[in-house]
Amino acid sequence: MNKHQIHGNWKIISGKIQRIWAESLGDYRAAMHGNLREIAGQIQKEFGLAREEAEQAIEKWREQELPTALLKEQWDRFDLAMRDQWDVLRIRRKLLSHELEDKRQLVIGHAEELVNRFAAHYKISEDDAARQVNDWLTIARSWLAHPSLNNLRKPEEKL
C-alpha cells in the first residue's frame with residue numbers, strides 16, 4: 001500500500017463523516033461535497049493516484065454531472081414540498097365537501113318549509129315560491145360545484 005492509497009482511505013473516512021454530518025443538518029450541498037471527497041478517496045485508494053490526479057478526475061466529473069445532480073436535488077425537494085401541500089389541501093377539501101353536502105341536504109330536507117315561509121312572507125303563490133327557492137338552490141349547487149366561476153345562470157335542473 002503506497003502513501004496515495006493511505007491518503008485515499010483517509011479521504012473516504014473524512015468524506016463519510018462530512019456527508020453524514022451535513023445530511024443531519026439538512027445541508028445537501030455539503031453532503032454532496034462529502035460524497036465527492038469520499039469518491040476521490042476511493043479513486044485515490046483503488047488506482048494509487050496522487051491527490052491532484054484524483055481531484056482532477058472528480059473535477060471533470062463534477063463539471064459534467066454536478067449541475068444535473070443539483071437540479072435533481074432541487075426538484076426532489078420541490079416535489080416533496082408540493083406533495084405535502086397538496087395532501088393537506090386534498091384532506092381539507094374532502095372535509096369541506098362533506099360538510100357542504102351535509103348542509104345542502106339539510107336545506108333540501110327543509111325546502112318545503114322554506115317554500116311555505118317564503119310564500120307567506122312575500123304573499124306569493126306556492127308555485128312561485130317553489131320556483132324561486134328552486135332557482136336559489138340551483139345557483140347554490142353551481143357555486144358549490146364550481147366556486148371559482150360563481151355562475152349565476154339558472155340551469156334547468158329542478159328540485
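About the thresholds
- Residues numbered from 1 in each chain as written.
- Predicted model: local features only at pLDDT ≥ 70, side-chain atom pairs only at ≥ 80, totals over all residues.
- Heavy atoms only, no water.
- Phe/Tyr/Trp six-rings, centres within 6.5 Å; stacked < 30°, edge-to-face > 60°.
- Helix = DSSP H or I, 4+ residues; strand = E, 2+ residues; numbered from the N terminus.
- Buried < 20%, exposed > 50% of the residue type's maximum accessible area, 1.4 Å probe, protein only.
- Axes fitted to C-alpha atoms, helices over the stretch in contact; angles between N-to-C directions.
- Parallel < 35°, antiparallel > 145°, perpendicular 65-115°, else oblique.
- Left-handed = near helix turned anticlockwise from the far one by under 90°.
- Contact = heavy atoms within 4.5 Å.
- Nonpolar A, V, L, I, M, F, W, Y, C, P; charged D, E, K, R; others polar.
- Polar contact = N/O pair within 3.5 Å; in protein donor to acceptor, adjacent residues only side chain to side chain.

Student: Even after reading the chapter, I still don't get the packing of aromatic side chains, so can you show me in this structure?
Tutor: Across all of its chains, the model carries two aromatic pairs by this definition. With centroids separated by 5.5 Å and ring planes inclined at 45°, the aromatic side chains of Trp75 and Phe78 adopt a geometry described as tilted. Of this pair, Trp75 and Phe78 both sit in helix α3 (residues 51–109), three residues apart, which is roughly one turn of that helix. By relative accessible area, which is 51% here, Trp75 ends up exposed.

Student: Where do I start with the packing of helix α4 (residues 111–122) against helix α5 (residues 126–145) in this structure?
Tutor: Two quantities define a packed helix pair, namely the angle between the axes and the distance from one axis to the other. In contact at an axis separation of 8 Å, α4 and α5 are set at 120° when each is read in the N-to-C sense. Taken together, the axes of α4 and α5 lie oblique to each other. Here α4 runs over α5; the crossing is right-handed. Residue-level inspection shows Leu114, Val115, Asn116, Phe118 and Ala119 of α4 in contact with α5, the latter providing Glu126, Ala129, Ala130, Gln132 and Val133. Split by residue class, the contact of α4 with α5 holds seven nonpolar, two polar and one charged.

Student: Even after reading the chapter, I still don't get the environment of Ile12, so can you show me in this structure?
Tutor: Structurally, the position occupied by Ile12 is in helix α1 (residues 3–25). The exposure class assigned to Ile12 is buried, which follows from its relative accessible area of 8%. When neighbours within four sequence positions are excluded, Ile12 is seen to be in contact with Glu38, Gly41, Gln42 and Lys45.

Student: Please clarify how the side chain of Thr138 should be interpreted in this entry.
Tutor: Along the polypeptide, Thr138 turns up in helix α5. For Thr138, a relative accessible area of 3% translates into the label buried. Only 2.8 Å separates the side chain of Thr138 from the backbone oxygen of Asn134, close enough to count as a polar contact.

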